[in-house]
Amino acid sequence: MLDSTKIESLGDALYDALRSGRPTQKISALEPESDIEDAYRIQLRMLERRLEAGDAVVGKKIGLTSRAIQDALGVYQPDFGQVTKRMLFEDGATIDLSKLMQPRLEGELAFRLKEDLIGPGVTVSDVIRATDYVTPCFEIVDTRFEDWQIKIQDTVADNASCGVFVLGEAKADPRDLDLSLAGMVIEKNGEVVATGAGAAVQGSPVMAVAWLANTLGRLGIPLKAGEIILSGAQAPLLAVTDGDHFTCEIAGIGACEMRFAGRAMV
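Now for a look at the structure at hand. Remember, predicted model here, so these are calculated numbers, not experimental data. (Residues numbered from 1 in each chain as written. Predicted model: local features only at pLDDT ≥ 70, side-chain atom pairs only at ≥ 80, totals over all residues. Heavy atoms only, no water.)

### Section: the packing of helix α1 (residues 4–20) against helix α3 (residues 36–52)
So the rule is basically this: Note on method: axes are straight lines fitted to C-alpha atoms, helices fitted across the in-contact stretch only, with angles between N-to-C directions ranging 0 to 180 degrees. Labels follow the DSSP assignment, with helices taken as runs of H or I lasting at least four residues and strands as runs of E lasting at least two, numbered in each case from the N terminus. Any angle between 65 and 115 degrees counts as roughly perpendicular, while under 35 counts as roughly parallel, over 145 as roughly antiparallel, and the rest as oblique. By convention the crossing between two helices is left-handed if the near helix lies anticlockwise of the far one by an angle smaller than a right angle, and right-handed if it lies clockwise. Two residues qualify as a contact provided that any one of their heavy atoms is within 4.5 Å of a heavy atom in the partner residue. The residue classification treats Ala, Val, Leu, Ile, Met, Phe, Trp, Tyr, Cys and Pro as nonpolar and Asp, Glu, Lys and Arg as charged. All others, Gly included, are polar.
Two numbers describe how α1 lies on α3: the axes approach to 8 Å, and their chain directions differ by 55°. Between α1 and α3, the angle is such that the two are oblique. Classified by chirality, the crossing of α3 by α1 is right-handed. Of α3, the residues touching α1 (which contributes S4, I7, E8, L10, G11, D12, L14, Y15, D16 and L18) are D38, R41, I42, R45, M46, R49 and R50. Looking at side-chain class alone, the contact of α1 with α3 contains seven nonpolar, two polar and eight charged residues.

The following block contains the structure:
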């Protein structure tokens, strides 16, 4: 386990990379003996710096829900990060790429909670009961390291590689849908570039949220009423560039759209 001085230094380096646009060295290279617990402590230090600068937590994100990505990183469970007010964009937004470093796009389902979820012991039924609505969204993942050749401790420390996200306006009651079967279609500049279904996310996005509630519950952290939970990618990561227009439609719910402008920092 890394000592508190190293945790603080590594978290500060990630925060400085976020603010400056200059990549930092990978945790896995600097501290090869670091583990996932160390990585979450680094993530919390980075978050602390964000909050000190006036940001606020509005929810959580679940990552590493794809078996292919898990295989690549040699880990067989999801991870999580924090989503904040400054990361949130509304449906139809244009994202300035110059504020990001090495962005990629993924489509997923977001949950807005109306009740707290406090694990362990949270079931799928509990998640559905506690959800106000679900909506399509885009997550623009990013890395503050030199490239995307990262290991598990890198992505966890870097807030589960979260950049920003775009929350859809379309809303649906999860009681009315089988979210494991709801198909997703992503279009880029009018052409279909990816498809997926909720079953790609740990069997169902609802199961992914239950996993998160139980994982955080064992750490004494609740999912709170009003929070937004990004449940994980349902389709492969997509490259983005200046002028791209994306739509993400989920059957039975509706669509979300966004554009990109400018050029990424790296």
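### Thoughts on the side chain of S204
Operational definition: For every residue, the accessible area obtained with a 1.4 Å probe (protein chains only) is divided by the maximum for its type, and the residue is called buried under 20%, exposed over 50%, and partly exposed between those limits.
Summarising the element assignment, S204 is placed in the loop between β9 (191–197) and α7 (205–217). Classification of S204 by relative accessible area gives buried; the value is 9%. Filtering out sequence-adjacent residues up to four positions away, S204 remains in contact with L179, S180, G198 and A199.

### Brief notes about unusual backbone geometry
Cis geometry is found at the peptide bond from G119 to P120, where omega equals 0°. Despite not being glycine, S161 shows a phi value in the positive range, around 55°. Locating S161 in the fold gives a position in the loop between α6 (152–157) and β7 (162–167). If you check the backbone angles, N189 has positive phi at about 50° while not being a glycine. Relative to the helices and strands, N189 resides in the loop between β8 (183–188) and β9.

### Comments concerning α1
Which entries qualify depends on this criterion: A helix is expected to reach a length of 1.5 Å times the quantity of its residues less one. The term polar contact refers here to a pair of N or O atoms within 3.5 Å; inside protein, the definition further demands a hydrogen-donor-capable atom paired with an acceptor-capable atom, and it admits residues adjacent in sequence only when both atoms are side-chain atoms.
With 17 residues, α1 extends 24 Å from end C-alpha to end C-alpha; this agrees with the ideal 24 Å at 1.5 Å per step. Here α1 has its buried residues at I7, L10, G11, D12, L14, Y15 and A17. Structurally, α1 contributes buried residues whose contacts are with α2 (27–30), α3 and α6. Taking the backbone nitrogen of T5 as reference, a side-chain oxygen 3.1 Å away marks D3 as the first, capping residue of α1. Looking one or two places after α1, you find G21, whose phi comes out positive at around 80°.

### As for the pattern of salt bridges
It is possible for side chains bearing opposite charge to pair when their charged atoms get close. In plain terms, the rule: Should a side-chain nitrogen of Lys or Arg be within 4 Å of a carboxyl oxygen of Asp or Glu, the pair is scored as a salt bridge.
A full pass over the atoms with the stated rule returns 14 salt bridges. Because the salt bridges share partners, they merge into one network encompassing E8, D12, R45, E48, R49 and E52.

### Section: the sheet that holds strand β12 (residues 245–250)
For clarity, the cut-off: A strand pair is defined by DSSP finding two or more bridges across the two strands.
Spatially, the five strands line up as an open sheet ordered β4-β13-β12-β8-β9, and their pairing is mixed. Among the strands making up the open sheet, the edge pair consists of β4 (94–96) and β9. Strand-to-strand twist across the sheet, computed as the mean angle between neighbouring axes with direction ignored, equals 20°.

### Regarding the pairing of strand β10 (residues 228–233)
In terms of residue burial, β10 counts as a mostly covered element, since six of its six residues are buried. Taken together, the three bridges between strand β1 (residues 57–63) and β10 define a ladder with parallel strand orientation. Considered in β10, the bridge of K61 is made with L230. Pairing of strand β5 (residues 104–113) with β10 involves four bridges; the strand directions are antiparallel. Each bridged residue has a counterpart across the sheet, and for A110 the counterpart in β10 is L230.

### Focus: the layout of surface pockets
To keep things clear, this is the line we draw: Any residue with an atom within 4 Å of a point lines the site, the site being either a cavity, points on a 1 Å grid over the protein atoms alone where a 1.4 Å probe fits but cannot get out, or a pocket, an open set with protein on both sides within 12 Å along at least 5 of 7 lines. Grid points are joined across faces, edges and corners, and a volume is the space filled by probe spheres set on the points.
Of the pockets and cavities examined, the largest pocket occupies roughly 430 Å³. Forming the boundary of the largest pocket are 23 residues, of which L18, R19, R86, K99 and V164 lie nearest the centre. Looking at the lining of the largest pocket, the elements with two or more residues in it are α1, β4 and β7. A total of four residues in the lining of the largest pocket trace back to one element, the largest contributor, which is α1. Grouping the constituent residues of the lining of the largest pocket by class yields 10 nonpolar, five polar and eight charged.

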